[in-house]
Amino acid sequence: SNHLAFAFPPFGWCTALGLFNNLFLSFLFSKKNYTVREELPENVLIGNLLKDLNLTLDPDVPLSSPLQFKLVYKTGDVPLVRVEENTGEIFTTANRIDREKLCSGIFSENRCFYEVEVAVLPDEVFRLVKIRFLIEDINDNAPLFPSTVINISIPENTAINSRYSVPSAIDPDIGVNGIQHYELLKWVAGSRGTVGEAVGMGAGTEGSGFGVGGTGGTGSGWGLRAVGRAEGTGSGGLRAGDKWPQLIVQQILDREQKDTYVMKIKVEDGGTPPRSSTAILQVTVTDVNDNRPVFKENDIEVSIPENAPVGTSVSQLHATDADLGSNAQIHFFFSNQISSLAKRLFALDNTTGLITIKEPLDREESPVHKLTVLASDGSSIPSRATVTVNITDINDNVPSIDTRYIINPVNGTVLLSEKAPLNTKIALITVMDKDADLNGKVTCFTDHDVPFRLKPVFDNQFLLETATFLDYEATREYAIKIVASDSGKPPLNQSAMLLIKIKDENDNAPVFTQPVIGLSIPENNAPGTQLTKISATDADSGRNAEISYMLGSDAPPIFNLDRRTGVLTAVRKLDREKQDRYSFTVLAKDNGMPPLQTNATVTLSVLDQNDNSPAFTHNEYNFYVPENLPMYGTVGLITVTDADSGENAAVTLSILNGRENFIIDPLTGVIRPNITFDREQQGSYTFQVKAVDGGRVQRSSTAKVTINVVDVNDNRPVFVIPSSNYSYDLIPTATNPGSVVTKVFAVDNDTGMNAELRYSIIGGNSRGLFTIDQLTGNITLKEKVITADHGLHRLVIKVNDLGQPESLYTIALVHLFVNETITNGSYVQELVRRNMETPVGQNVGDGEITPQTNDYVKIIIAIIAGTMTVILVIFVTALVRCRQTPRHKVVQKSKQSGEWVSPNQENRQIKKKKKKKKRSPKSLLLNFVTIEESKPDDPAHEHINGTLDIPVELEEQTMGKYNWATTPTTFKPDSPDLAKHYKSASPQPTFQIKPETPVPPKKHHVIQELPLDNTFVVGCDSLSKCSSSSSDPYSDKNIMIIKHPVAL
């Protein structure tokens, strides 16, 4: 049945996919109980939901439709109640309510229910009400005995007041309407094998051997009493199977005198009026057998799975009899009080007492079977044993899915408007599983992604509702597969299909294939000339997609548009001298309710002769290009127009002056360079562009073009401070944290953001003793100096610009010697030299030996340093003197070619003054410095000194290999322009190379041979790459070395 009538909790339940707030659920879903008697006639009022649920409407909440109570039931089912949709009144129907049919086998008065669901609509006040009807029993069934003739055998030696069981009657009614008492109405005396006529009723006749007794017996021959398992346990009402009547012998029997007694037994229920029935009770007196069989166990309980095959042993009964011979032969049989189902399912071997399965079991049909087995040896009273068979569940039932529609389907399909709001209720889904435990635990879901969802409402019920907005144009129908799966192993699944068709609404306006329709036509056209055919489409269907075309209100009267075909025509001649361009709107409207429309713009150009010169969009064009723009890259686009059309408007572009530097596409106007730019050499270019049309008598015009060269980030930062990677600074141990101990400074030859610099420490600061200001380059002591910090620290400093698209960087080394004083400068300088041999990625400063560590070590280092200094001074002096004459030759030769070398400081200053007068602002002077030994008073700044000159051969090779007359703005990316930014502090004279006329093709020059003193590591992405590229981290591939910077 579609409407659940149950006596026990359902065996299956559905696992909800989400938890809901109790208050929210109580507002949307509620329950109501009613009590109704069975067999009521049609149209009997049961209740009123509007009043019983205290439903009131809020006048401030508008309703899309009137209040409606809709009974939710499965298509094809016939409900037992009906609900008035307008009032909520509940009435009985022509289908009578039969409690015995709905709740067969249920004897409790309060356990028979009939359930329905009612939906309160519309959605603004939606509520789902579960109604339970408690079915009251009426006395519509009479009690009946299992047979009209009941035969009982009683031995002749039966003692007075002995009792014999009489088969019980059965009454489907319950409570007082059930069986209340049994009664013997009369008895008929007869001779052997003969039944005499009835001789009395009621209490019987004294001396007849049997008496008719009531519930307790009268002592007049036979008595009758109803008992349960133990005498005295009975209650007021008798139920079939709980108690049975017993015949009481009230006198001594003598089979030889009388072997058969025939009586009539009556059973009556307690209804008003009462119902009753009778049966013939025939008593046969048998021979004596005074020992009954005895069961080994009177109560046996076994469990067996429901899929046990036929023939499986259920239980083996054992009984014994103290008699001998035939009186000890035991015969097993089922009591007639066991159910017909148990008799059908189980078989009992009469001789052995073995109970087996006769037919397949089904736990869902009956989970427990009580088998009453009698053992008789032929005596009057058999022995009784009870076998309780519990049927254990297996997962043999697939879940069931019951769909009850809230929106009535048409031919099995729900029609739903695409404008249906969110959470529109479609159907109530009920899932059940007859299995128990996990086998009956059901999970339900949809098998794919659809714009619908299942919302839990009760334990095993879900509302199918819309989850998102629907779109007929996207999907016109849905086949929703609802799957119910239990939790058995393996799980069993059941699915149900629910078809939903989306009803089209006029929610799409027509769409033109071209929102802007451009047309051109020569003047003096013939009237009625077709200009074009306008077309639009509509995503809707049916009448909603039928399109009509109309001219807009701004359309001139000289045009006509066919309403059906969309053909646009000119009804009279066009004159370009009066109007050369028309622009108006056309409309496309569909046939929906209400109709939707859209518009498009029609632009019509009237063609003419060549009476207009080409016109540039600007009289002067300014373009900005990066200096690294490749040759033949795009500089800009020159746009020129001509009011004429056709060949008269075919414009050709050309460059009047400046063709050696630029080219222009004659058709597109794209300007491209045939040179490479260098902002430092020339910052802008100006030329004229000429435009000529294609008319028979050509017309032309010109425009001025200026191209400005913009700087790019093509120069790496260059360190000015420190001047040497071999320099160091003393940090006294008493220096306070936060003090600036030294600083670094770098410059960048670019401009703007490409020259904005940021400093950072990327190595050598493992203890975090120092910090650096990323803007100023100031290096600050961060922590207080401790003993472990004494010694030489090598910081790897990185400076990078903020250029785009790629930032460039340079790396320098800063040596900081932490100690009280510098007692041995040579020792510290040797530490610096040794540290320069350490890879950049390895920290320096941990565990260095300080001058205070060992006096012996200090003496040895001082001796070695002094010796090496003397040897180095002698060697450098000799080398300078040996090469002095060739150097002057080179200087004279250089002077003749415009490049000169000053042998002393005085000449150097004179030439510097000349240079300031002659060179351009972007010229670069490269000075290579010779430094003599100097010893300042401050021992902390003692350096390893010497003189290092450039050999004549190197100068000649360099002059021949590189064009030093070129003024570079920077060197190659991995060679920073150190000479441009450093000023020499040496008191010795230097030699200079003066640049001449710049050479445009070569912008960058490479310095490969420089003195090894100031080291900058550039061109590496990380320290690891620099370290891993070579065993010597300071090879000439990655570092630039200058002894001292020179002045510009």
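- Identification of the protein chain as Cadherin domain-containing protein from Terrapene triunguis is taken from an unreviewed UniProt entry.
- In its Subcellular location (unreviewed entry) section, the UniProt entry covering the protein chain states "Cell membrane".
- UniProt annotates the protein chain under Function (unreviewed entry) with the comment "Potential calcium-dependent cell-adhesion protein."

1. What about the overall build of the protein chain?
Here is step 1 of the chain: Regarding its fold elements, the protein chain presents 10 helices and 64 strands.
Here is step 2 of the chain: In the protein chain, 71% of the contacts between residues at least 6 apart in sequence involve partners at least 24 apart.
Here is step 3 of the chain: If you sum the accessible surface of the protein chain, you get close to 51,900 Å²; carbon and sulfur atoms cover 52% of it.

2. Thoughts on the UniProt feature "transmembrane region" (unreviewed entry) in the protein chain
Here is step 1 of the chain: Using the residue numbers shown here, the UniProt feature "transmembrane region" (unreviewed entry) corresponds to residues 859-880.
Here is step 2 of the chain: Strand forms 0% of residues 859-880 and helix 100%; the C-alpha atoms that close the span are 32 Å apart.

3. Observations regarding the sheet that holds strand E58 (residues 778-781)
Within a sheet, neighbouring strands are paired by backbone hydrogen bonds and run either parallel or antiparallel to one another.
Here is step 1 of the chain: With antiparallel pairing, the three strands of this open sheet are ordered in space as E54-E58-E57. Every interior strand has two partners, whereas the edge strands, strand E54 (740-743) and strand E57 (770-772), have only one. Neighbouring strand axes in the sheet, compared pairwise and without regard to direction, differ in orientation by 25° on average.
Here is step 2 of the chain: Here E57 pairs with E58 via three bridges, running antiparallel.

4. Side note on the nonpolar core
Here is step 1 of the chain: Formed by 27 residues in total, the largest nonpolar core has its most connected members in Phe346, Ile355, Val373 and Val389.
Here is step 2 of the chain: Elements that contribute at least two residues to this core include exactly strand E18 (299-305), strand E21 (331-334), helix H4 (340-345), strand E22 (346-348), strand E23 (354-357), strand E24 (368-376) and strand E25 (383-392).
Here is step 3 of the chain: Counting residues per element, this core draws most heavily on E25, which supplies four residues.
Here is step 4 of the chain: Discounting residues that sit within four places of it in the chain, isoleucine 355 has contacts with Thr312, Ser313, Val314, Ser315, Leu317, Phe346, Ala347, Leu348, Leu371, Val373 and Val387.
Here is step 5 of the chain: Grouped together as the second largest cluster of nonpolar side chains are 25 residues, Ala427, Val442, Val450 and Tyr472 included.

5. Thoughts on the sheet that holds strand E40 (residues 567-570)
Here is step 1 of the chain: Read across the sheet, three strands follow the order E36-E40-E39 without closing on themselves; strand pairing throughout is antiparallel. The open sheet has two edge strands with one neighbour each: strand E36 (529-533) and strand E39 (559-561). Each strand of the sheet is rotated relative to its neighbour by a mean of 25°, with strand direction disregarded.
Here is step 2 of the chain: Taken together, the four bridges between E36 and E40 define a ladder with antiparallel strand orientation. When the bridges of E40 are listed, glutamine 530 appears paired with threonine 569.

6. Observations regarding the side chain of threonine 93
Here is step 1 of the chain: Among the structural elements, threonine 93 can be located in the loop between strand E6 (89-92) and helix H3 (99-102).
Here is step 2 of the chain: Since its relative accessible area comes to 11%, threonine 93 is described here as buried.
Here is step 3 of the chain: Within the structure, the side chain of threonine 93 is placed 3.4 Å from the backbone oxygen of proline 79, a separation counted as a polar contact.
Here is step 4 of the chain: At 3.3 Å, the side chain of threonine 93 forms a polar contact with the backbone oxygen of leucine 80.
Here is step 5 of the chain: In this structure, threonine 93 is in contact with Glu42, Pro79, Leu80, Val81 and Arg82, ignoring residues within four places of it in sequence.

7. Here we look at the environment of proline 717
Here is step 1 of the chain: Within the secondary structure, proline 717 is located in the loop between strand E51 (700-710) and strand E52 (718-721).
Here is step 2 of the chain: For the pair proline 717 and alanine 746, spaced 29 residues apart in sequence, the C-alpha to C-alpha distance is 6.2 Å.

8. Focus on the state of the cysteines
Here is step 1 of the chain: Inspection of every chain in the model, using the stated rule, returns one disulfide.
Here is step 2 of the chain: A sulfur-sulfur distance of 2.0 Å marks the disulfide that ties cysteine 103 to cysteine 112. The S-S bond linking cysteine 103 to cysteine 112 shows a torsion near 80°; that makes this disulfide right-handed.

9. Some thoughts on the confidence of the model for the protein chain
Here is step 1 of the chain: In this model, the protein chain carries a mean pLDDT of 75, and residues with pLDDT of at least 70 account for 74%.
Here is step 2 of the chain: Note that pLDDT drops below 50 for residues 845-854; the model gives that stretch 24 contacts with residues more than four away or on any other chain.

10. Remarks on a nonpolar patch on the surface
Here is step 1 of the chain: Together, Ile860, Ile864, Met868 and Ile871 give the surface a local cluster of nonpolar side chains, amounting to about 380 Å² of exposed area.
Here is step 2 of the chain: In this structure, isoleucine 871 sits in helix H6 (residues 855-882).

11. Let's talk about helix H5 (residues 825-836)
Here is step 1 of the chain: Taking 1.5 Å as the rise per residue, H5 with 12 residues should run 16 Å; its terminal C-alpha atoms sit 17 Å apart, in good agreement.
Here is step 2 of the chain: Of all 12 residues in H5, nine are buried; the element is thus mostly enclosed.
Here is step 3 of the chain: Turning to H5, its buried residues are Gly825, Ser826, Tyr827, Val828, Gln829, Leu831, Val832, Asn835 and Met836.

12. Some thoughts on the pairing of strand E31 (residues 461-466)
Along any regular strand the residues' side chains alternate between the sheet's two faces.
Here is step 1 of the chain: Across the six residues of E31, six count as buried, placing the element largely inside the fold.
Here is step 2 of the chain: Side chains Gln461, Leu463 and Glu465 project from E31 onto one buried face, and the interleaved Phe462, Leu464 and Thr466 project onto a second face that is buried too.
Here is step 3 of the chain: Relative to E31, strand E28 (residues 425-432) runs antiparallel, the two being bridged by five bridges. Looking across to E31, one finds that isoleucine 429 is bridged to phenylalanine 462.

13. Regarding the packing of aromatic side chains
Here is step 1 of the chain: For the structure on display, the rule yields 14 aromatic pairs.
Here is step 2 of the chain: Ring centres of phenylalanine 295 and phenylalanine 332 lie 6.1 Å apart, and the angle between their planes is 55°; this geometry places the pair in the tilted category. Of this pair, phenylalanine 295 sits in strand E17 (residues 294-295) while phenylalanine 332 sits in strand E21; the two residues are 37 residues apart in sequence, bridging distant segments of the chain.
Here is step 3 of the chain: By the ring-pair criterion, three or more aromatic residues cluster together here, those being Phe662, Phe677, Tyr685 and Phe687.

14. So, the environment of asparagine 298
Here is step 1 of the chain: Considering the arrangement of structural elements, one finds asparagine 298 in the loop between E17 and E18.
Here is step 2 of the chain: For asparagine 298, a relative accessible area of 46% translates into the label partly exposed.
Here is step 3 of the chain: Each C-alpha atom, one on asparagine 298 and one on valine 387, is 8.1 Å from the other, the two residues being 89 residues apart in sequence.

The rules behind each value
Residues numbered from 1 in each chain as written. Predicted model: local features only at pLDDT ≥ 70, side-chain atom pairs only at ≥ 80, totals over all residues. Heavy atoms only, no water. UniProt positions renumbered as here; feature names shortened; annotations may be inferred. Helix = DSSP H or I, 4+ residues; strand = E, 2+ residues; numbered from the N terminus. Contact = heavy atoms within 4.5 Å. Areas by Shrake-Rupley, 256 points an atom, 1.4 Å probe, with all protein chains shown as cover. Pairing = 2+ DSSP bridges. Axes fitted to C-alpha atoms, helices over the stretch in contact; angles between N-to-C directions. Core = buried A, V, L, I, M, F, W, Y, C linked by side-chain atoms within 4.5 Å. Buried < 20%, exposed > 50% of the residue type's maximum accessible area, 1.4 Å probe, protein only. Polar contact = N/O pair within 3.5 Å; in protein donor to acceptor, adjacent residues only side chain to side chain. Disulfide = S-S within 2.5 Å. pLDDT = per-residue confidence, 0-100. Patch = residues over 30% accessible without salt bridge, like charges linked within 9 Å, V, L, I, M, F, W, Y side chains within 5 Å. Salt bridge = Lys/Arg side-chain N within 4 Å of Asp/Glu carboxyl O. Expected span 1.5 Å × (residues − 1). Phe/Tyr/Trp six-rings, centres within 6.5 Å; stacked < 30°, edge-to-face > 60°.

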